Amino acid sequence: MSLTAAEVAEILRLVEGSSFDEFSLELDGLKLNFKRSAEGSRPPELPGATPAAGSSVAPTAPQAAAPAAMSATASLDPPSAVAPADPNIHNVLSPMLGTFYRAPKPGEPPFVAVGDVVEKDSIVGIIEVMKLMNTVRAEARGKVAEILVADGAFVEYGEVLLRVRKAD
């Protein structure tokens, strides 16, 4: 049995709303450890992740059972993305924290490029979280107008990955 991204997000939401300072879960070899940050202002971290200079979180080599710090004020709702000026533009948002990949495997062509036509269910990328690959779909029919995230970049929940100009 494995946990889905939605289940992990629900666990985080429940822990955040609780009075627990620490939470650990082990399920079929998967270990999740969360610890509320004493500072209350640090961003959430993934196991094996360390803050990058002057920014949020950057991936590092995995560490066995490394606890993740969780801010008491962290929110699981996507950040309020600025709506595009053009109502015909759809922002494809990251559904979770993780590493964004534009191609199915290294050396293979990307799922989409600027100018490609996509359908609502077209895969536009994948996000790796704890060695699990999660597909990201366009969620709109149209042409890829802009790709905002580099291949292999760490992304946050709710971050705009790319924009699709909706078809009429």
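Provided above is the structure to which this section pertains.
Residues numbered from 1 in each chain as written. Predicted model: local features only at pLDDT ≥ 70, side-chain atom pairs only at ≥ 80, totals over all residues. Heavy atoms only, no water.

This part covers the sheet that holds strand β13 (residues 160-166). An order of β6-β13-β11-β8 is seen for the four strands of this open sheet, with the pairing classed as antiparallel. At either margin of the open sheet sits one strand with a lone partner, and together these are β6 (89-93) and β8 (117-118). Summarising the sheet, β6 and β13 pair through five bridges and their orientation is antiparallel. Bridge pairing in β13 places N91 opposite R163. (Pairing = 2+ DSSP bridges. Helix = DSSP H or I, 4+ residues; strand = E, 2+ residues; numbered from the N terminus.)

Attention now moves to the nonpolar core. Ranked by internal contacts, the top residues of the largest apolar core, which has 17 residues, are V118, V124, I127, L161 and L162. Elements with a minimum of two residues in this core: β9 (123-129) and β13. Not counting residues up to four positions away in its chain, the partners in contact with V124 are V92, F100, R102, F111, V112, V118, V136, R137, A138 and L162. Among the nonpolar cores identified, the runner-up in size contains six residues, and L3, L12, V15 and L32 belong to it. (Core = buried A, V, L, I, M, F, W, Y, C linked by side-chain atoms within 4.5 Å. Buried < 20%, exposed > 50% of the residue type's maximum accessible area, 1.4 Å probe, protein only. Contact = heavy atoms within 4.5 Å.)

Keep in mind that these numbers describe shape and distance, not what the molecule does.
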